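Letter by letter, the chains look like this.
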Amino acid sequence: MKKINVGLVGFGTIGAGVADILLKKREEWKKTLDIDINLKKIADLDIETDRGVNVPKELLTTNYKEIVDDPEIEIVIELVGGYDFAKKLILESIEMGKNIVTANKALLAVYGKEIFDKAIEKKVDIYYDAAVAGGIPIIKVVKEAMLANNIEKIFGIINGTCNYILTTMKNEGLSFEEALKKAQELGFAEADPTFDIDGIDSAHKLTILASLVYWREVKMEDFITEGIRKITSLDVKFAEELGYTVKLLAIARDREDGIELRVHPTLIPSKSTLASILYEFNAVMIKGNFVDELLLKGKGAGRYPTASAVVSDVIDIARNIINNSVGRVPPYHRGGELKRILPREEIITQYYLRFSSLDKPGVLAKITNILGDVGISIKAVIQKDGELKDGEYVPVVILTHKTKEGIMLKALEKFKELVGDIIESEPQILRVEEDL
Ligand code: HSE
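Residues numbered from 1 in each chain as written. Predicted model: local features only at pLDDT ≥ 70, side-chain atom pairs only at ≥ 80, totals over all residues. Heavy atoms only, no water.

Novice: I keep staring at the overall build of the chain and nothing clicks. Help me out?
Specialist: Secondary structure assignment for the chain yields 13 helices and 17 strands. Against the 2.2 N^0.38 benchmark of 22 Å for 436 residues, the chain shows a C-alpha radius of gyration of 24 Å, consistent with a compact globule. For the chain, the C-alpha atoms occupy an extent of roughly 80 × 45 × 35 Å along the three principal directions. Within the chain, buried positions represent 54% of all 436 residues. For the chain, long-range pairs separated by at least 24 residues make up 75% of all intrachain contacts whose partners lie at least 6 apart in sequence. For the chain, the exposed surface amounts to about 18,700 Å²; the carbon and sulfur share of it is 50%. On the chain, the mean spot of the 59 positive side-chain charges and the mean spot of the 69 negative ones are 3 Å from each other. (Helix = DSSP H or I, 4+ residues; strand = E, 2+ residues; numbered from the N terminus. Rg over C-alpha atoms; globule rule 2.2 N^0.38 Å. Buried < 20%, exposed > 50% of the residue type's maximum accessible area, 1.4 Å probe, protein only. Contact = heavy atoms within 4.5 Å. Areas by Shrake-Rupley, 256 points an atom, 1.4 Å probe, with all protein chains shown as cover. Lys, Arg positive; Asp, Glu negative; His and termini not counted. Charge placed at Lys NZ, Arg CZ, Asp CG, Glu CD.)

Rendered as structure tokens:
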């Protein structure tokens, strides 16, 4: 039985989980999979901290070159994260003819093409299932299992931090700040949660998914990304009253005239399956023209769920090596730019607008006239009042029918002229999706 030597760089939360699984399962896999995967070296700058897993001391080093320069190591697992060192490590390892497994979504979203082209040139494999939605095997699904299909749409809850915050706001009535604090205390959100709550992490993942699904290079700048900082308890409550739940969604839709890609907080029907994905869970709903809808739900982060995806990639590559079939499943699909990515103005969706407006005659008419003038049709209106004093503002919520975002942007320009007069500030605007 050929022994496949593996080097792991990055002995943090996920790295320790990967080491634990590789060491514990080695003997079993020799019998069940007929494969011998030997974790030969683990590199990290900090090899003193107890990671809570049993690893023979002699495996540990602070010098990653002991992995990159070891001719016996055929697979390098990159779990350091970030851009600079991770990119250097991966490119150096590829140059040395080593295959790569990585979970680094930020790196692949920005430098994916350069790294993948290098891997193809050097005839090595690079697998990255853990980069999107952690333990959910969505990359394998779109790269292999769904190849017969045109992907008509993807709706993904692919950031556990945001889903945790939005679920807590709805179920426990917390404000955004309180929910974020709770997520941090429980370890769901990073100390610096910017990438998560501003939607950047979801955008990295959508970039990777969309480039695989639509056979083209996708850049984050190609589509809009909005996070959840602007969601207030009031929005969560109004959404609920209207029968919706707020979720941060990554959306891809294949239209006749192009591809819609976007990441933003979205009102979705509370009865929909995705609305029932709670707390830190992730889910991806994906529709292929032949297979129809698939739904994958699971843990998008955490030691063992993410390590599960990493280890499965290691086994795939080990099998490729044993069968002389490295490169069998290429890292990305090079089909050319078959369809354009639609600019923001051409997105078609419904909108939720929340105004803080004066409660006096003619106010609602002025607001709705602006929508009517640009050609936007209204689906529902809610106004709430309380014990108002003269000159106070009340929330008014308008739900629209579908329209192009470019048209809504025109209406938003006109609403600006009402600020300080009949409305207190520019309206809160959220998108609404029903066909999921
Ligand atoms: N920080 C991500 C999340 C997990 O909250 O889902 C890693 O991508």
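Following the structure, the description resumes.
Novice: For this particular structure, what's the right way to read the environment of phenylalanine 290?
Specialist: Residue position: phenylalanine 290 is located in the loop between β11 (281-288) and β12 (292-299). Given a relative accessible area of 62%, phenylalanine 290 falls into the exposed group. When the C-alpha atoms of phenylalanine 290 and isoleucine 151 are compared, they prove to be 9.2 Å apart, with 139 residues separating the residues in sequence. Residues within four places of phenylalanine 290 in sequence aside, it is in contact with Ala148 and Asn149.

Novice: Would you take a moment to explain the pairing of strand β1 (residues 3-9) for this structure?
Specialist: Within β1, 6 of the 7 residues are buried, leaving the element largely enclosed by the surrounding structure. Each parallel crossover has a hand, and the one from β1 via helix α1 (residues 13-32) to strand β2 (residues 36-43) is right-handed. (Right-handed = clockwise from strand over helix to strand, strands pointing away.)

Novice: Would you explain the side chain of serine 202 in this entry?
Specialist: Position of serine 202 relative to the elements: it lies in helix α9 (residues 200-213). Residues in contact with serine 202, not counting those within four places in the same chain, are Ile158, Asn159, Leu248 and Val263.

Novice: When you look at unusual backbone geometry in this model, what are you seeing that I'm missing?
Specialist: Peptide bonds are, in most cases, trans, and in most cases residues other than glycine have a negative phi. Although it is not a glycine, aspartate 34 sits at a positive phi angle of roughly 60 degrees. One can find aspartate 34 in the loop between α1 and β2.

Novice: Where do I start with the site of the ligand in this structure?
Specialist: Around the ligand, the neighbouring residues are Lys105, Asn159, Gly160, Thr161, Asp196, Asp201, Lys205 and Ala301. Within the side chain of threonine 161, an N or O atom sits 2.5 Å from an oxygen atom of the ligand. Within the contact set of the ligand, a nitrogen atom lies 2.9 Å away from a side-chain nitrogen or oxygen of aspartate 196. For the ligand, whose unbound accessible area comes to 260 Å², protein coverage reaches 85%. Its residues placed into classes, the shell around the ligand shows 1 nonpolar, 3 polar and 4 charged. (Near = heavy atom within 4 Å. Polar contact = N/O pair within 3.5 Å; in protein donor to acceptor, adjacent residues only side chain to side chain. Nonpolar A, V, L, I, M, F, W, Y, C, P; charged D, E, K, R; others polar.)

Novice: Looking at this structure, how should I read helix α3 (residues 84-95)?
Specialist: Owing to its 3.6 residues per turn, the α-helix aligns residues three or four sequence positions apart on the same side. Taking 1.5 Å per residue, 12 residues should reach 16 Å; α3 reaches 17 Å between its end C-alpha atoms and fits that length. For α3, the full list of buried residues reads Ala86, Lys87, Leu89, Ile90, Glu92, Ser93 and Ile94. Elements that come into contact with the buried residues of α3 comprise β1, α2 (65-68), β4 (73-78), β5 (99-102), α4 (105-121) and β6 (126-127). Looking one or two places after α3, you find glycine 97, whose phi comes out positive at around 85 degrees. (Expected span 1.5 Å × (residues − 1).)

Novice: Looking at this structure, I do not really get the environment of leucine 295. What am I missing?
Specialist: Residue position: leucine 295 is located in strand β12. Judged by its relative accessible area of 40%, leucine 295 is partly exposed. Taking the C-alpha atoms as reference points, leucine 295 and methionine 285, 10 residues apart in sequence, are found 4.5 Å from one another. In contact with leucine 295, other than residues within four places in its own chain, are Thr273, Leu274, Ala283, Val284 and Met285.

Novice: Looking at this model, I keep getting lost on the pattern of salt bridges. Mind explaining?
Specialist: Side chains bearing opposite charge may pair, as long as their charged atoms lie close to each other. All told, the structure shown has 41 salt bridges when counted by the stated rule. Across the salt bridge formed by glutamate 27 and lysine 30, the nearest N and O atoms sit 3.2 Å from each other. A residue pair is termed a helical-turn pair when its members lie 3 or 4 positions apart in one helix, as glutamate 27 and lysine 30 do in helix α1 at 3 residues. Note that glutamate 405 and arginine 431 form a salt bridge whose closest N and O atoms lie 2.7 Å from each other. Pair noted here: glutamate 405 is in helix α13 (residues 405-416) and arginine 431 is in strand β17 (residues 428-432), with a separation of 26 residues, a long-range link. Both residues of the pair, glutamate 405 and arginine 431, count as buried. Among the ionic contacts, a cluster of salt bridges with common partners joins Arg253, Arg255, Asp257, Glu260, Arg262, Glu433 and Asp435. (Salt bridge = Lys/Arg side-chain N within 4 Å of Asp/Glu carboxyl O.)

Novice: Can you help me understand the packing of helix α6 (residues 160-172) against helix α7 (residues 176-185) in this one?
Specialist: Two numbers describe a pair of packed helices, the interaxial angle and the distance between the axes. One way to put it is that α6 packs onto α7 with a least axis distance of 9 Å and a crossing angle of 120 degrees. Classified by the interaxial angle, the pair formed by α6 and α7 is oblique. As α6 packs across α7, the resulting crossing turns out to be right-handed. Of the residues in α7, those touching α6 at Tyr164, Ile165, Thr168, Met169 and Glu172 are Phe176, Ala179, Leu180, Lys182 and Ala183. Across the contact of α6 with α7, the residue classes break down as 7 nonpolar, 1 polar and 2 charged. (Axes fitted to C-alpha atoms, helices over the stretch in contact; angles between N-to-C directions. Parallel < 35°, antiparallel > 145°, perpendicular 65-115°, else oblique. Left-handed = near helix turned anticlockwise from the far one by under 90°.)

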